[in-house]
Amino acid sequence: MFCDRCGDETVGPHEACARARELEPPRFCPHCRRRMKVQVVPTGWKAVCVEHGETLG
Amino acid sequence: MPKILDRARTRVLDEGAGLDEADILEVLRLPDDALPELLQLAHDVRMKWCGPEVEVEGIVSLKTGGCPEDCHFCSQSGLFASPVRAVWLDIPSLVEAARQTAATGATEFCIVAAVRGPDARLMDQMREGVKAIREAVDIQVAASLGMLTQGQVDELVEMGVHRYNHNLETCRSYFPNVVTTHSWEERWTTLRMVRESGMEVCCGGILGLGETVEQRAEFAAQLAELDPHEVPLNFLNPRPGTPLGDRPVVEGRDALRAIAAFRLAMPRTILRYAGGREITLGDLGTRDGLLGGINAVIVGNYLTTLGRPATADLELLADLKMPVKSLSQTF
């Protein structure tokens, strides 16, 4: 698995990234580390990995 | 009471004139123990010259990332190793974003694109998007598309865009440290064209880029000279991969001093909380800023980062007995 904020390989939570993620959408696919296409809108966000599909938040 | 606050009370509160650069600098240098008095004065100025209403706005990115410019704070520049990828928002999603923004009670919806200036494709998207929003949603449409030609200014007016955002970002003397791919003067030229077109001018910037307190005063004075309808005040949220990604966040008391100083420089402007307030001020500081000169907020998410839920800000405004400006008050 990979951190969805920094893209580093991780076996546990990245605490600094987890804190930052409270005010950020994910940028990396946690399954394959690909950079995702992310669209932020006023009430949410959508992140798309070309391999693993769409995540909504 | 510090003498500068006496002077500000007479000049700004009583007469409605803004402080000059030297006085703004004195305000920015006030000690922490003078901060409550400063915020109270800035709040009194806002209440007298703007009223109790708060203008609420939502923003959305129509074209994200891949920007050819090198604004050192921006995760959307294609020149830095930022994780933000280029993406376009489709028109149905744009209209839905406007609808959700209007549902919060917001009167403003700003469409933003990460570009040097719009090309034909972006102007076509804007034409289609603004038309679709105006047909479906009761909200004022603003735009932020970088530097414009006179023809593009005229096109936006024709589309019905009522306000144009183009931030100077920082003062003239510090700008070359932040952006090298275009000049402060080029931005100023766009702002003059927007002003002359009849569109409302929205122009602010970001604090915490490494500017000195003197340059912060310089910036406030330059904005006052421009006399924009609205000033969005951002605080740097350092973005991974950007040249300013390791800069410290602005200290909360400095942010509040700056809010009050900008209000005393521009007593009648719409002074809007924009990006970075969550990490700079937190909930308590956000409240202090609303009681220290701020009279507008961006609710919900920003362009590439997330904000507080709109309901949290609306509850805060209700708690402070600050009514949300209605659409009829914006004309």
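Residues numbered from 1 in each chain as written. Chains lettered and ligands numbered in written order. Predicted model: local features only at pLDDT ≥ 70, side-chain atom pairs only at ≥ 80, totals over all residues.

## As for the overall build of chain A
Turning to step 1, where the next piece is worked out: Along its length, chain A carries one helix and three strands.
Turning to step 2, where the next piece is worked out: In terms of overall dimensions, chain A has a C-alpha envelope of 30 × 25 × 10 Å along the principal axes.
Turning to step 3, where the next piece is worked out: Among the 57 residues that make up chain A, the fraction classed as buried is 30%.
Turning to step 4, where the next piece is worked out: Contacts spanning at least 24 positions in sequence make up 15% of the contacts within chain A whose residues lie at least 6 apart. (Helix = DSSP H or I, 4+ residues; strand = E, 2+ residues; numbered from the N terminus. Buried ≥ 20, exposed ≤ 12 C-beta atoms within 10 Å, placed from the backbone. Contact = placed C-beta atoms within 7 Å.)

## Digging into the interface of chain B and chain A
Turning to step 1, where the next piece is worked out: In this complex, chain B contributes 20 residues to the contact, which on the side of chain A involves 15 residues.
Turning to step 2, where the next piece is worked out: Those elements that place two or more of their residues in the side of chain B that touches chain A are β1 (55–64), α4 (91–103) and α10 (277–290) of chain B.
Turning to step 3, where the next piece is worked out: Partitioning the side of chain B that touches chain A into residue classes produces eight nonpolar, ten polar and two charged. (Nonpolar A, V, L, I, M, F, W, Y, C, P; charged D, E, K, R; others polar.)

## Re unusual backbone geometry
For residues that are not glycine, phi is negative in most cases, and the peptide bond is trans in most cases.
All names here are of chain B.
Turning to step 1, where the next piece is worked out: Despite not being glycine, Glu169 has its phi angle at roughly 75 degrees, a positive value.
Turning to step 2, where the next piece is worked out: Positive phi, normally seen in glycine, also occurs at Asp227, with a value near 55 degrees.
Turning to step 3, where the next piece is worked out: Note that Asp227 resides in the loop between α8 (213–226) and β8 (230–235).

## Some points on the environment of His43(B)
Residue and element names in this part refer to chain B.
Turning to step 1, where the next piece is worked out: Structurally, the position occupied by His43 is in helix α3 (residues 35–49).
Turning to step 2, where the next piece is worked out: Separated by 69 residues in sequence, His43 and Val112 have C-alpha atoms that sit 30 Å apart.
Turning to step 3, where the next piece is worked out: When near neighbours in sequence (up to four residues on either side) are disregarded, His43 contacts Leu291, Gly292 and Gly293.

## Some words on the nonpolar core
Residue and element names in this part refer to chain B.
Turning to step 1, where the next piece is worked out: Among the nonpolar cores identified, the biggest contains 105 residues, and Ile24, Val27, Ala220, Ala261, Phe262, Leu264 and Ala265 are the most heavily contacted of them.
Turning to step 2, where the next piece is worked out: Examining the composition of this core, we find that nine residues originate from one element, helix α9 (residues 252–265), more than from any other.
Turning to step 3, where the next piece is worked out: When neighbours within four sequence positions are excluded, Leu264 is seen to be in contact with Ala8, Val12, Gly18, Leu19, Ile24, Val27, Ala42 and Val45. (Core = buried A, V, L, I, M, F, W, Y, C linked by C-beta atoms within 7 Å.)

## Some points on the sheet that holds strand β1 (residues 37–41) of chain A
Residues and elements named next belong to chain A.
Turning to step 1, where the next piece is worked out: Judged by pairing direction, the sheet is antiparallel, and its three strands sit side by side in the order β1-β2-β3 without closing on themselves. For this open sheet the edge positions go to β1 and β3 (53–56), each flanked by a neighbour on one side alone. Between one strand axis and the next, the sheet turns by 15 degrees as a mean value, whatever way the strands run.
Turning to step 2, where the next piece is worked out: Inspection of the sheet shows strand β2 (residues 44–49) paired to β3 by four bridges, in the antiparallel sense. For Val48, the partnering residue across the bridge sits in β3 and is Glu54. (Pairing = 2+ DSSP bridges. Axes fitted to C-alpha atoms, helices over the stretch in contact; angles between N-to-C directions.)

## Details of the packing of α3(B) against α9(B)
Residues and elements named next belong to chain B.
Turning to step 1, where the next piece is worked out: Contact pair α3 / α9: the axes reach a minimum separation of 9 Å and the direction vectors enclose 35 degrees. The hand of the α3/α9 crossing is left-handed. Residues Leu35, Leu38, Leu39, Ala42, Val45 and Arg46 of α3 pack against Arg253, Leu256, Arg257, Ile259, Ala260, Arg263 and Leu264 of α9.
Turning to step 2, where the next piece is worked out: Of the residues assigned to the contact of α3 with α9, the class counts are nine nonpolar, no polar and four charged. (Left-handed = near helix turned anticlockwise from the far one by under 90°.)

## Things to note about helix α7 (residues 184–197) of chain B
Residues and elements named next belong to chain B.
Turning to step 1, where the next piece is worked out: With 14 residues, α7 extends 20 Å between its outermost C-alpha atoms, agreeing within 8% with the 20 Å of an ideal straight helix rising 1.5 Å per residue.
Turning to step 2, where the next piece is worked out: Three or more residues of α7 are buried, namely Arg187, Thr190, Leu191 and Val194. What you see down the axis of α7 is that its buried residues fit within an arc of 100 degrees, all on one side. In α7, the exposed residues that point more than 90 degrees away from the buried face are Glu185, Arg192 and Glu196.
Turning to step 3, where the next piece is worked out: Elements that come into contact with the buried residues of α7 comprise α6 (150–159), β5 (163–165), β6 (200–202) and α8. (Expected span 1.5 Å × (residues − 1). Arc of directions from axis to C-beta.)

## A look at the packing of helix α1 (residues 3–14) of chain B against helix α2 (residues 21–28) of chain B
All names here are of chain B.
Turning to step 1, where the next piece is worked out: Direction vectors running N to C along α1 and α2 enclose 130 degrees, while the axes themselves pass 10 Å from each other. Judged on the interaxial angle alone, α2 and α1 are oblique. Relative to α2, α1 is oriented so that their crossing is left-handed. Contacts from Ile4, Arg7 and Ala8 of α1 reach α2 at Asp23, Glu26 and Val27. (Parallel < 35°, antiparallel > 145°, perpendicular 65-115°, else oblique.)

## A look at the pairing of β1(B)
All names here are of chain B.
Turning to step 1, where the next piece is worked out: Counting buried residues in β1 gives ten out of ten residues, a clear majority hidden from the surface.
Turning to step 2, where the next piece is worked out: Where β1 and strand β10 (residues 296–298) come together, three bridges link them in parallel fashion. Note on β10: the bridge partner recorded for Glu55 is Ala296.
Turning to step 3, where the next piece is worked out: Bridge count between β1 and strand β3 (residues 108–113): six bridges; the pairing is parallel. Note on β3: the bridge partner recorded for Ser61 is Val112.
Turning to step 4, where the next piece is worked out: Where β1 and strand β2 (residues 87–88) come together, two bridges link them in antiparallel fashion. Among the inter-strand pairings, Lys63 is bridged to a residue of β2, identified as Trp88.

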